[in-house]
Amino acid sequence: LPTPAQAQNLASWAKAFGPGGTFWAARNDGALAIQSIEFGNETSYSYQYSDNSPTGYATRAQGYALRFAEAATAIRSVNPGVGLLAQGDSGNAGSIWIENMFKAVPNLGTLVGGWTIHPYGPGFRPRLEALARETAAQGAPASIPVDITEWGLSTDNGQCVTENYGWGVCMTYQEAGEALARSVSEMRQVLNGRLGLFLLYQVRDQQVPAATNNREAYFGALQHL
């Protein structure tokens, strides 16, 4: 988790690189300005911390929300065109994560530019439904987008990989593409118009074809050649 000073320093990024920011003043490509900043990465997941007890999760969620509120307030003061994205992915914490974020910052829903989640695998529906249900229970507006800032599946065009988040381990490119299309369509339906960002992990494979069976090498939308 960041310190209060680190959280508030995100305002300097927004001031420089957000819409109308100082970085773009002498350039003609201001359409590329940053419009969103994701606050943290999988902070609710157990692999990042040693204390994953209910008390540990609650403390982490409250600390995260306090730093988030400080960052969001600082950003809005200098560039309201930049939204701050909060982690709505409960990870291994169940409802503890969302409940304790709002316990620390009751008006969190007014500060969030989008809820982020990384719903890998074919079993994404319950996780998306839980995000919508748990944030609604805390009074967060249903108008807040849900941003899938990581999603992917591993494919080496029929060469088998070690594991694939529940997808087939020997998927062809065609099969993977069809699974991607079906999944995005279902996500749109589950989220009822709230799907915002959808970011693929990752742009390019980390290895050339058939170099390894490690799944991490073949999440790319493009081959590594």
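Up top you'll find the structure we're talking about.
Each value, and the rule that gives it
- Residues numbered from 1 in each chain as written.
- Predicted model: local features only at pLDDT ≥ 70, side-chain atom pairs only at ≥ 80, totals over all residues.
- Heavy atoms only, no water.
- Helix = DSSP H or I, 4+ residues; strand = E, 2+ residues; numbered from the N terminus.
- Polar contact = N/O pair within 3.5 Å; in protein donor to acceptor, adjacent residues only side chain to side chain.
- Contact = heavy atoms within 4.5 Å.
- Pairing = 2+ DSSP bridges.
- Axes fitted to C-alpha atoms, helices over the stretch in contact; angles between N-to-C directions.

### Points about the side chain of Arg60
Inspection of the secondary structure assignment puts Arg60 in helix H3 (residues 54-78). A distance of 2.9 Å separates the side chain of Arg60 from the side chain of Asn52, its partner in a polar contact. With residues up to four places along the chain from it excluded, the contact list for Arg60 reads Leu1, Thr43, Ser44, Tyr45, Tyr49, Asp51, Asn52 and Trp97.

### A short note on the sheet that holds strand S3 (residues 114-117)
The strand order S1-S2-S3-S4-S5 describes an open sheet built from five strands, whose pairing is parallel. Edge positions in the sheet fall to strand S1 (36-38) and strand S5 (195-200), since each has one partner strand and no second. The sheet shows a mean angle of 25 degrees between the axes of neighbouring strands, taken without regard to direction. Two elements, strand S4 (residues 146-151) and S5, share three bridges in a ladder whose sense is parallel. Its bridge partner lying in S5, Trp151 is registered against Leu200. Together, S1 and strand S2 (83-87) form the strand contacts of H3, whose direction differs from that of S2 by roughly 170 degrees. Contacts from helix H6 (residues 173-191) reach S4 and S5 within the one sheet, and its direction differs from that of S5 by about 155 degrees.

That is the geometry; function is a separate question.
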